[in-house]
Amino acid sequence: MAARTTQRPRPKPAATRGWGRRLTGWAIRGVLGFVIVSVLWVLILRFVPPPITLTMLGDVPTGHGITKSWRPLSAIDPDMPRAVIAAEDSRFCAHNGFDYIAIANAARRNAEGGRIRGGSTISQQTAKNVFLWQGGGYFRKAMEAYFTVLIEAMWGKRRIMEVYLNVAETGIGTYGVEAGARRYFKHGAAKLSGREAAQIAAVLPLPKKRAGIAPTGFTGRYARTIERRIGIVRREGLDGCLK
């Protein structure tokens, strides 16, 4: 009986192996380059106001233009950050950028049906508003998480709040609470009353559809609720990380 012979697998051509190594090298260099550039980008914006965002650029083709005016946190009435903490993220000073309690509660409510709710923190919204684009998708959410970690580590809570209040959309083509205050109340953010701060905060989730002045219906009721919660934020020191 003739002995069986086994054929050894043919080695891949050298050219194929070379292309594989090149692609791997390019991928590694691409990732490292992105990390370096993104870290430097975040570091620069720790000290410099963001000049423009993708959300702002989206208003240019519509003809609305961009109205914004940067103000340091010290030049914004303290009731304004209290209002957004009350409305958007009551644990802002306690979490590391991700409020896992809010995420779990949102997931439970969504599973029960009804209107879909998210668990995004002010830190996550700031990361999205400054560095990314609006909309969903797993890739965008992953990038949002990445930039959230960076700004929490490199900016700190006070800077995050300062940037958020200056880049958040407060009306069609209007960005930041200074521009919003002047649009709705004809004075700057330094002179906002608790009621006015609450009305701006009530607009933030849907700034192109909600009225910041004389709000009615749900927006009016929501603004009154936020105004009441401002006092809770003040009394319980939920804005302590901003002082």
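Residues numbered from 1 in each chain as written. Predicted model: local features only at pLDDT ≥ 70, side-chain atom pairs only at ≥ 80, totals over all residues. Heavy atoms only, no water.

> Explanation requested: the side chain of Glu-169 in the structure shown.
Mapped onto the elements of the fold, Glu-169 is located in strand 2 (residues 169-171). At 2.4 Å, the side chain of Glu-169 forms a polar contact with the side chain of Lys-208. Setting aside chain neighbours within four positions, we find Glu-169 in contact with Thr-55, Asp-59, Thr-174, Tyr-175, Leu-204, Pro-207 and Lys-208. (Helix = DSSP H or I, 4+ residues; strand = E, 2+ residues; numbered from the N terminus. Polar contact = N/O pair within 3.5 Å; in protein donor to acceptor, adjacent residues only side chain to side chain. Contact = heavy atoms within 4.5 Å.)

> I'm lost on unusual backbone geometry in this one. Help?
With glycine set apart, most residues show a phi of negative sign, and most peptide bonds adopt trans. Of note, Lys-186 is a non-glycine position whose phi angle comes to about 65°, a positive value. Relative to the helices and strands, Lys-186 is located in the loop between helix 8 (177-185) and helix 9 (194-203). In the Ramachandran plot, Ala-214 falls in the positive-phi region, its phi being about 50° despite a non-glycine side chain. With respect to the helices and strands, the residue Ala-214 is situated in the loop between helix 9 and helix 10 (217-235).

> Honestly, the packing of helix 3 (residues 79-88) against helix 10 in this entry has me stumped. Any pointers?
Two quantities define a packed helix pair, namely the angle between the axes and the distance from one axis to the other. At a closest axis distance of 8 Å, the pairing of helix 3 and helix 10 adopts a crossing angle of 110°. With respect to each other, helix 3 and helix 10 are oriented roughly perpendicular. On helix 10, the residues touching Asp-79, Arg-82, Ala-83, Ile-85, Ala-86 and Ala-87 of helix 3 are Tyr-222, Ile-226, Arg-229, Ile-230, Val-233 and Arg-234. (Axes fitted to C-alpha atoms, helices over the stretch in contact; angles between N-to-C directions. Parallel < 35°, antiparallel > 145°, perpendicular 65-115°, else oblique.)

> Help me understand the packing of helix 8 against helix 9 in this model?
Look at helix 8 against helix 9: their axes get within 11 Å of each other, and the N-to-C directions meet at 110°. Classified by the interaxial angle, the pair formed by helix 8 and helix 9 is roughly perpendicular. As for how helix 8 packs across helix 9, the hand of that crossing is right-handed. Facing helix 8, whose interface residues are Val-177, Gly-180, Ala-181, Tyr-184 and Phe-185, helix 9 presents Glu-196, Gln-199, Ile-200 and Val-203. Residues of the contact of helix 8 with helix 9, tallied by class, amount to 6 nonpolar, 2 polar and 1 charged. (Left-handed = near helix turned anticlockwise from the far one by under 90°. Nonpolar A, V, L, I, M, F, W, Y, C, P; charged D, E, K, R; others polar.)

> Looking at this structure, how should I read the pattern of salt bridges?
Here the idea is simple: oppositely charged side chains can pair when their charged atoms come close. On inspection of all chains with the given rule, the structure shows 14 salt bridges. Between Arg-82 and Asp-239 there is a salt bridge, with the nearest N and O atoms lying 2.9 Å from each other. Of this pair, Arg-82 sits in helix 3 while Asp-239 sits in the segment after helix 10, placing them 157 residues apart in sequence. One salt bridge connects Glu-169 with Lys-208, and the closest N-O pair in it is separated by 2.4 Å. Placement of the pair is Glu-169 in strand 2 and Lys-208 in the loop between helix 9 and helix 10, with a sequence separation of 39 residues. Ionic contacts of the salt-bridge type, sharing partners, join the residues Asp-79, Arg-82, Arg-234, Asp-239 and Lys-243 into one network. (Salt bridge = Lys/Arg side-chain N within 4 Å of Asp/Glu carboxyl O.)

> What exactly am I supposed to notice about the packing of aromatic side chains here?
Pairs of aromatic rings are described using the distance from one ring centre to the other and the angle between the two planes. Within this structure, the stated rule accounts for 11 aromatic pairs. With a centroid separation of 6.1 Å and an interplanar angle of 85°, the aromatic rings of Trp-41 and Phe-147 are classed as edge-to-face. Here Trp-41, found in helix 1 (residues 14-45), pairs with Phe-147, found in helix 6 (residues 138-154); they are 106 residues apart in sequence, far enough to count as distant. The class of Trp-41 is partly exposed, set by a relative accessible area of 38%. Residue classification places Phe-147 among the buried residues on the basis of a relative accessible area of 1%. Aromatic pair Trp-133 and Phe-139: ring centres 6.4 Å apart, planes at 25°, arrangement stacked. Its relative accessible area of 36% is what places Trp-133 among the partly exposed residues. The class for Phe-139 is exposed, based on a relative accessible area of 57%. In this structure an aromatic cluster arises from ring pairing among Phe-34, Trp-41, Phe-131, Tyr-146, Phe-147 and Trp-155. A cation over an aromatic ring shows up here: Lys-157 above the ring of Phe-92, its NZ or CZ 4.7 Å from the ring centre. (Phe/Tyr/Trp six-rings, centres within 6.5 Å; stacked < 30°, edge-to-face > 60°. Buried < 20%, exposed > 50% of the residue type's maximum accessible area, 1.4 Å probe, protein only. Lys NZ or Arg CZ within 6 Å of the ring centre and 35° of its normal.)

> So what exactly am I meant to see when it comes to the sheet that holds strand 2 here?
Hydrogen bonds between backbone atoms are what pair the strands of a sheet, whose relative direction is either parallel or antiparallel. One open sheet accounts for 3 strands, arranged 1-3-2; its pairing is mixed. The strands lining the two open edges of the sheet, one partner per strand, are strand 1 (67-68) and strand 2. Here strand 1 runs beside strand 3 (residues 174-175); their pairing, made up of 2 bridges, is parallel. Residue pairing in the sheet places Thr-67 in a bridge with Thr-174 of strand 3. (Pairing = 2+ DSSP bridges.)

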